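Working through the structure, step by step
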Amino acid sequence: MKRLLTFLVMVLFCVQSQLGQNFQFKADQIEIPHKKYQLPNGLTLLVHEDHKAPIVAVNVWYHVGSKNEKPGKSGFAHLFEHLMFNGSENYNKDYFQALESIGGTDLNGTTNTDRTNYFQNVPVSALDQVLFLESDRMGHLLGAIDQAKLDEQRGVVQNEKRQGENQPYGKQWNYLTKSMYPKGHPYSWTVIGEMEDLNAASLDDVHEWFKSYYGAANAVVAVAGDIDPEDVHQRVLKYFGDIPAGPTIERQEVRIPEKNLDTYQVYEDRVPETRVLFAWHTPQFGDKEDLHFDLISAILTSGKNSRLFKRFVYEDQTVSQAVSFQASGEISSRFITWLNVKPGQDADQLKIQLEEEIQKFLDEGPTAAELNRVKAAYFSNFIKGLERIGGFGGVSDILASNQTYFGDAAYFKTMLKFVEDATVADIQKTAKKWLGKGKHVLVCNPFPEYSVEKSTVDRSSLPALGPEKSSKFPSLEKAQLSNGLNVVLAKRTGVPTVVVNMVFDAGYKTDYLSSPGTAQLAMNLMDEGTKDLSSLQISEKSELLGVSLNTFSNQDQSNVFMTTLKQSFDASMDLFSDVVLNPVFPEAEFERLKNEQINNIKNEKAQPISMALRVMNKYMYGEGHPYSNPYTGTGYEETVEKLTREDVVKFYETWMKPNNATLIVTGDIEMSDLKSKLEKSFGKWKKGDVPTVVFNEPQVNSKNTLYLMNRPESQQSVIIAGHLTEKYGGVSEIALEQMVSILGGDFTSRINMNLREDKHWSYGAGGFVLGSKEERPFIVYAPVQTDKTSESVTELRKEISEFVSTRPATQQELDKVKTNQVLSLPGQWETNSAVNTSIRNLLRYNLPDDYYETYDQNVRNLSLEDVRKVSTQVVKPEAVNWFMVGDRAKIASKLDELGFDNIIEIDADGNPLVPAVQQPDEELKN
């Protein structure tokens, strides 16, 4: 605890001006206490203590990425990352299976141009198992890789490539990479690689890659969490000490291409809008000017007060997206910005206007206010990331990345200092130096003497789990204001953030009383202006306070959600209450957001998965049901077009009542202090009557029907199949969760292992029950390569049918998912936002306060009979309807062979393009 308090003191920032709520952040006040160890074999170990939860993050970085590949061998670093998850010599099973069985969370591996990393959060009791597994695949891998595994993961990666390129604008990175870097440059090929290179990868190539780059001296292991550094050091020495250092590695020097003239390139893709993109070469990652570009990017497009957003999205409303970012690389970076042009606007004119805005920035530089705003946001985001020990941006990730790239785990302080010291003149100078050049409109050190330790590890079996620590879900304190507003507090000390969520019993279900899209538009407008603050002023104040404010809905609830810092909580609550109590729904903001929502609907109609999500509720619930509108909540173009400002005001006046709301607060605050603040802020808010949403019986008049949506030139088909099942509580929910995990919820579930790992037809497939309070859709889904569409339907049918007949859930499957569910709970509640979301689920589904405290025991007590019983209640193969999005011309010829009762082609709004074929009367009676 002493270490934790010291850590938190170091991240406190100084108040520069209390009246103006401005904070001055200092880089030298931000520390990540850690210990560094160098093993005799060259492995670097970094250890950070954090005792807020009984979990530990293990983050392993290898200093190798796609830039280390040879021409004609592209995609190899990423392909090898996949192979690392398929088992090692002494644990020759799927790595996800091992981690799921011990409660692993934040589990993944990633590859970029410069590095490959593997990370996971696990209960502290499982630390030895994770160290065994990571060391086994670092030092004992090659004997487990055979041709079958290579072929399997080659197929998975190729489907990942197809899935990425099947998305709107998914091909731009291939064009951009090849246009920006000359042939032979280490960045002149994409990380995922070319299909022909992946096909040419041989088993000998795999072995050579491992021997060249996966030695101990080329790796950094970062461990953070509820641990003791010296204990971790001894464990790591035990498991990793016998692994050879590996050969010397050639490191590429900084190599920034010189580009003095503009180049121009045009390509076509199936997208709803024109995108105008500029890209410049910029300095390498970690350079002072690299950090300057992070600030430049924020000034241009971060928040409503940013230059490009304000002009093009907010004021002119000619584009739907204004994006910029510094794509940092170890030997060269790129600064990229783009505009998504709304239909009907002149793309050539917007290209000129974007060039004018960039030139204006070069000529004038930023204002002091702009620079202060983005500095505050930069430091705020960095501090918020320190709450997490693992995953992207967490403490272990920060330490490992800085050690890998700079040889100094604390180099992040240097980068923070670059940000702190940046002046208006510095930013303008950097921008002129690099953005004034041409754009696209797209060392050797002696190798140390290493040695290895004699291994004492028995690798014939996994180490036994250490003693388990129970999950910690905070106890809940409750109160009620005089006006009926319910308050729930989950007090958590030692965490620098406070999360506040005002939850209203409303959501998309209320649209059936008004018009589809109303709830989403109304909630989007709530933070767009109050009686005293404009939309831009709310945005600016939020950034200065370190506030993230969001208003949104789901099927059953509408939310005003805020994450802030403990130091600025009082001022943040003033802003929060102002947004809740005093929204004015400005006419100009209404028109802007209405147009954005219509544009979002068009974008949904271009995305394969959202195309299906938009229409399936109509056919699962029937017209007039509160859940029958698009699951995305955006509504239809024609209904949103007819909405008026009065409609959203009426939504607010109807549903936003204190007696229809619960305020959930998670953070380091006392209930007495909180209630006192709330009485001042919300005590005068008047209660009122709220309509009752009546859920009529769903009108499902079809089964074994395929609803087909044509999306020409799709490289994949998206298949979604399902039917309605009982409302929440209608069956044993704990049994249902485990059943879904076995069938389709986990990575090692039956459906995913079939279509991804065995068949290689999909990058990921599975099943789930969609979240809603009343009757809910039970869904199985599979994005698959186009030429395997009909075969995939057959496989999904088989998995569903056999699950309730010849191949029901087994005790081994149940034990695996039960263990994973229980052991993953501590990591599930690492952040205040996660705790807050779980409490919101307690409200949504009327769960008891101690639901999560008793959850692990209830899961442990679950029997196989319980799971098989709920399987027969929920999985009904005969009731399934099918929704498919794909290239009709390529898939239609085989669909008739699948035995559907009806095949109905529908448009993107779910309307039949031909009359539906009616079933015979006798069949309807049955």
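Everything in this summary refers to the structure shown in the same document.

The rules we used
- Residue indices begin from 1 for each chain and proceed along its sequence in written order.
- Per-residue local features are limited, in this predicted model, to residues with pLDDT of at least 70; the limit for side-chain atom pairs, both in listing and counting, is 80 or more; totals at the level of whole chains, interfaces and linings are taken over all residues.
- Remark: hydrogens and water are excluded; side-chain values derive from all non-hydrogen atoms of the structure.
- Partly exposed describes any residue whose relative accessible area lies between the buried limit of under 20% and the exposed limit of over 50%, with all areas from a 1.4 Å probe on protein chains only and scaled to the type maximum.
- Helical segments are the DSSP runs of H or I of at least four residues, strand segments are the runs of E of at least two, and each set is numbered from the N terminus.
- Two strands pair if DSSP finds at least two bridges between them.
- To get an axis, fit a line to the C-alpha atoms, keeping to the stretch in contact for a helix; angles then go from 0 to 180 degrees between the N-to-C directions.
- Geometric relationships in this document are graded by angle, where less than 35 degrees denotes roughly parallel, more than 145 denotes roughly antiparallel, 65 to 115 denotes roughly perpendicular, and other angles denote oblique.
- Residue contacts are counted whenever heavy atoms from the two residues lie within 4.5 Å of one another.
- When residues are grouped by polarity, Ala, Val, Leu, Ile, Met, Phe, Trp, Tyr, Cys and Pro land in nonpolar, Asp, Glu, Lys and Arg in charged, and all others, Gly among them, in polar.
- Criterion for a salt bridge: a side-chain nitrogen of Lys or Arg within 4 Å of a carboxyl oxygen of Asp or Glu.
- As used here, the term nonpolar core means buried Ala, Val, Leu, Ile, Met, Phe, Trp, Tyr and Cys residues forming a set that is joined through side-chain atoms within 4.5 Å.
- A residue counts as positive if it is Lys or Arg and as negative if it is Asp or Glu; His and the chain ends are not included.
- N or O atoms closer than or at 3.5 Å make up a polar contact, with two conditions inside protein: a donor-capable atom paired with an acceptor-capable one, and, for residues adjacent in sequence, both atoms drawn from side chains.
- For Phe, Tyr and Trp, rings pair up if their centres lie within 6.5 Å, where Trp contributes its six-membered ring, and each pair is then called stacked (planes under 30 degrees apart), edge-to-face (over 60) or tilted (otherwise).
- A ring is considered to have a charge above it if a Lys NZ or an Arg CZ atom is located within 6 Å of its centre and within 35 degrees of its normal.

Considerations on the pairing of strand β14 (residues 497–504)
With eight of eight residues buried, β14 is to be regarded as a mostly interior element. The side-chain alternation of β14 yields two buried faces, one formed by Thr497, Val499, Asn501 and Val503 and the other by Val498, Val500, Met502 and Phe504. Bridge analysis of β14 against strand β16 (residues 558–565) gives eight bridges, and the strand direction is antiparallel. By the bridge assignment, Val499 is partnered in β16 with Thr563. Summarising the sheet, β14 and strand β17 (residues 661–667) pair through six bridges and their orientation is antiparallel. Its bridge partner lying in β17, Met502 is registered against Leu663.

With respect to the sheet that holds strand β20 (residues 766–769)
Ordered by their spatial adjacency, six strands build an open sheet running β20-β21-β19-β22-β18-β23, and the pairing between neighbours is mixed. Of all the strands in the sheet, the pair left with one neighbour each is β20 and β23 (902–905). For this sheet the average axis-to-axis angle between neighbouring strands, irrespective of direction, equals 20°. One ladder, built from four bridges, connects β20 with strand β21 (residues 776–785); its direction is antiparallel. When the sheet's bridge partners are listed, Val769 is paired in β21 with Phe778.

Comments concerning the packing of helix α14 (residues 395–406) against helix α15 (residues 411–421)
Pairs of packed helices are described in terms of their axes, by the angle between the two and the distance that separates them. Remark: α14 packs on α15, axes separated minimally by 8 Å, with the N-to-C direction vectors making an angle of 90°. For the element pair α14 / α15, the angle class is roughly perpendicular. Here α14 contributes Ile398, Asn402 and Phe406 to the contact with α15, which in turn contributes Tyr411, Phe412 and Met415. Among the residues making up the contact of α14 with α15, the classes are represented as five nonpolar, one polar and no charged.

Describing the pattern of salt bridges
Under the definition given, this model contains 53 salt bridges. In this structure, the salt-bridge partner of Lys67 is Glu330, at a minimum N-O distance of 2.6 Å. Separated by 263 residues along the polypeptide, Lys67 in the loop between β5 (55–62) and α2 (76–83) and Glu330 in the loop between β10 (319–327) and β11 (333–341) bring together distant segments of the chain. Take Lys67: its relative accessible area is 5%, and that puts it in the buried class. The residue Arg844 makes a salt bridge to Asp556 at a minimum N-O spacing of 2.9 Å. Residue Arg844 is found in helix α30 (residues 832–844), and its partner Asp556 is found in the loop between β15 (548–553) and β16; the two are separated by 288 residues along the sequence. Considered together, Arg844 and Asp556 belong to a single accessibility category, that of buried residues. If you follow the salt bridges from partner to partner, you end up with Lys304, Glu528, Glu589, Arg592 and Glu596 in one network.

Digging into the nonpolar core
Core analysis: the biggest nonpolar cluster contains 60 residues, and Leu736, Met739, Ile839, Tyr851, Trp882 and Met884 have the highest contact counts within it. The element that contributes the greatest number of residues to this core is helix α25 (residues 733–745), accounting for seven residues. If we skip the residues at most four places from it in the chain, Met884 touches Leu706, Tyr707, Leu708, Met709, Val718, Ile719, Thr789, Val793, Ile891 and Leu895.

Some details on the sheet that holds strand β6 (residues 105–111)
Taken in spatial order, the six strands line up as β3-β4-β8-β5-β7-β6 in an open sheet, and their pairing is mixed. Among the strands making up the open sheet, the edge pair consists of β3 (35–38) and β6. With strand direction ignored, the average angle separating the axes of adjacent strands in the sheet is 15°. The sheet contacts of α2 involve β6 and β7 (116–123), and relative to β6 the element is tilted by about 150°.

Overview of the side chain of Arg492
You can see Arg492 is positioned in the loop between β13 (486–491) and β14. An unpaired buried charge is present at Arg492: no salt bridge exists, and Glu387, the closest side chain of opposite charge, is 4.3 Å distant. Reaching out from Arg492, the side chain makes a polar contact with the backbone oxygen of Trp829 at a distance of 3.1 Å.

Some thoughts on the packing of aromatic side chains
This structure, assessed with the given rule, holds 45 aromatic pairs. Ring centres 5.5 Å apart and planes at 75° place the aromatic pair Tyr621 and Tyr627 in the edge-to-face group. What makes Tyr621 buried here is its relative accessible area of 1%. By relative accessible area, Tyr627 is classed as buried at 1%. Judged by centre distance (3.8 Å) and plane angle (5°), the rings of Tyr728 and Tyr845 are stacked. Of this pair, Tyr728 sits in the loop between β19 (716–725) and α25 while Tyr845 sits in the loop between α30 and α31 (855–860), placing them 117 residues apart in sequence. For the pair shown, Tyr728 and Tyr845 are each scored as buried. Here the aromatic residues Tyr62, Phe80, Phe85, Tyr95, Phe96, Tyr118, Phe210, Tyr214 and Phe747 are joined through ring pairs into a cluster of three or more. Lying over the aromatic face of Trp61, Arg115 brings its terminal NZ or CZ to 5.0 Å of the ring centre.

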